[in-house]
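Fold and geometry: a report
Here is how the chains run, residue by residue.
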Amino acid sequence: MNVLTEALVWLNDPLTWTRSDGIIDLTVEHLVMTAIAVAIAAVFAIPLGAWLGHTGQGSGAMVTLGNATRAVPTLGIILLLAAGGLFGNGAAVLAAAIFAVPVLLVNSYEGVRGADPAARDAGRGMGMSGTRVLFQVELPLATGLIAAGLRTTIVQVVATIPLAALAGGGGLGQIIAFGMGTQRYGQVLAGGIVVALLALVLDGVLAVAQRLVTPAPLRVNGRPRRPRKAPVEP
Amino acid sequence: MAANPWFSWTYVVENADTLWEHTVQHAVLTVEAVAIATVIAVPLGILVSRIRWLAGIVIGTAAVLYTVPSLALFAILAPLLGIGRTPVLIGLVAYALLVILRNTVAGLDAVDPAVLDAARGLGYGPGRVLVHVSLPNALPSVVAGLRLATVSTVAMVTVGVVVGYGGLGQLMFQGFRNNFYRAEIMAATLACVLLAVVLDVAIWAGGRALTPWRERRRA
């Protein structure tokens, strides 16, 4: 358990945390990169997904996109972007944004598309225009799924950003990459623990946030209610 | 500065041996991880779907574990297990296990209670209900889990490069280190996608062969 001791000693040193480019600095950098990547993806994916869901187009493309992007290795894309001249952080942020788009797109699409048809009809019957139905009926009903999509996306991006370190970028992955490069495996272990904890804590915080933004009637155990098969009349 | 094309067929031809070697390494690692995960996850899924209180704990733990980034998991396992293949394999098994487990439980839960009742009414014991009714009915869901796990695993193997065993990821990284040799990174990335597609289609075909009644129903 020599490595474990080494990791604990390293983590226990206040300087590890507070020096410039210490854990605190790297965490801030990590979170800023995450925020930029998620923002880029959200600006693009949520309006598009909502609009496609509203018009009901492109459901086949949605499924294909979701499946296809899963097969593409993120590391390959980051390294390709980096080799294309977009270095370290930029490459990782862009790659993370690219991989965040399908999740957000599918969730906003499904959320808007899955809005109760009776509610949509009621909106139309009250004389709402198509756009008003989208903004005042379908989108509020979709908040649960969109929030769930954002949570998944943020956690996924936080997990992707460490790969930046392999392409010469920053963020918390640096601790792991640097530790491997210098064969200080205690630091590798410590870096892994820090990254894992960040992801877990963020997921926990977001779970609470997700519950808060989901309108009360839509909440069921923190998940948006989706009607199951209707009971058959005898 | 020498030309640095995004894709070069010459590179692929001249380095066919290296590419093949890494693709095989990648494929073997993936198949091994998914196979081990299946052997653990399916029986565990059966157990969990019978014992309700266990389901919450197991699925909850699985969800938490799934949140841990793969890079972090490899980084935690490598110093403890030694650099190289073992930590990558164990990490991959862990993630694949979660996906397959979730789908097995979901598949078993979704079996029509009327069908189970009918089987019991015909005098089937619990073991026969499981083998002849529940499992065949849950099979499509399990296969879907297998496909998802396989495709994600293929992509995740590349992250293993951080602990020195990443299959095709090794080539990507080497290309990056080697003066941003785009053709090498691109070839390895494409090989990775291709491998995922091939394995996915293979499992899909296998699943179809195992559930011939689904085809008949649709026709």
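In this report, we go over the structure that sits alongside the text.

What counts as what
- Residues numbered from 1 in each chain as written.
- Chains lettered and ligands numbered in written order.
- Predicted model: local features only at pLDDT ≥ 70, side-chain atom pairs only at ≥ 80, totals over all residues.
- Heavy atoms only, no water.
- Phe/Tyr/Trp six-rings, centres within 6.5 Å; stacked < 30°, edge-to-face > 60°.
- Helix = DSSP H or I, 4+ residues; strand = E, 2+ residues; numbered from the N terminus.
- Buried < 20%, exposed > 50% of the residue type's maximum accessible area, 1.4 Å probe, protein only.
- Lys NZ or Arg CZ within 6 Å of the ring centre and 35° of its normal.
- Expected span 1.5 Å × (residues − 1).
- Contact = heavy atoms within 4.5 Å.

With respect to the packing of aromatic side chains
All names here are of chain B.
- Using the criterion set out here, one finds one aromatic pair over all chains in the structure.
- Between Y66 and Y95 the ring centres are 5.9 Å apart and the planes differ by 70°, which places this aromatic pair in the edge-to-face class. Taken as a pair, Y66 in helix α3 (residues 52-67) and Y95 in helix α5 (residues 85-109) lie far apart in primary sequence, 29 residues in all.
- Overall, the relative accessible area of 34% leaves Y66 in the partly exposed class.
- Judged by relative accessible area, which is 6%, Y95 ranks as buried.
- Directly above the aromatic system of Y66 lies the positively charged group of R102, at a separation of 5.5 Å from the ring centroid.
- Cation over ring: R128 sits above Y124, and NZ or CZ is 4.2 Å from the ring centre.

Considering helix α4 (residues 70-81) of chain B
- Compared with an ideal rise of 1.5 Å per residue, which puts 12 residues at 16 Å, α4(B) spans 16 Å between its outermost C-alpha atoms and is within 8% of the ideal.
- Among the 12 residues in α4(B), 10 count as buried, and that is most of the element.
- Within the sequence span of α4(B), burial applies to S70(B), L71(B), A72(B), L73(B), F74(B), A75(B), I76(B), L77(B), A78(B) and P79(B).
- Buried residues along α4(B) sit against α1 (2-12), α9 (173-181) and α10 (185-213) of chain A together with α5 and α7 (126-157) of chain B.
- G82(B) occupies a position one or two residues after α4(B) and carries a positive phi of about 100°.

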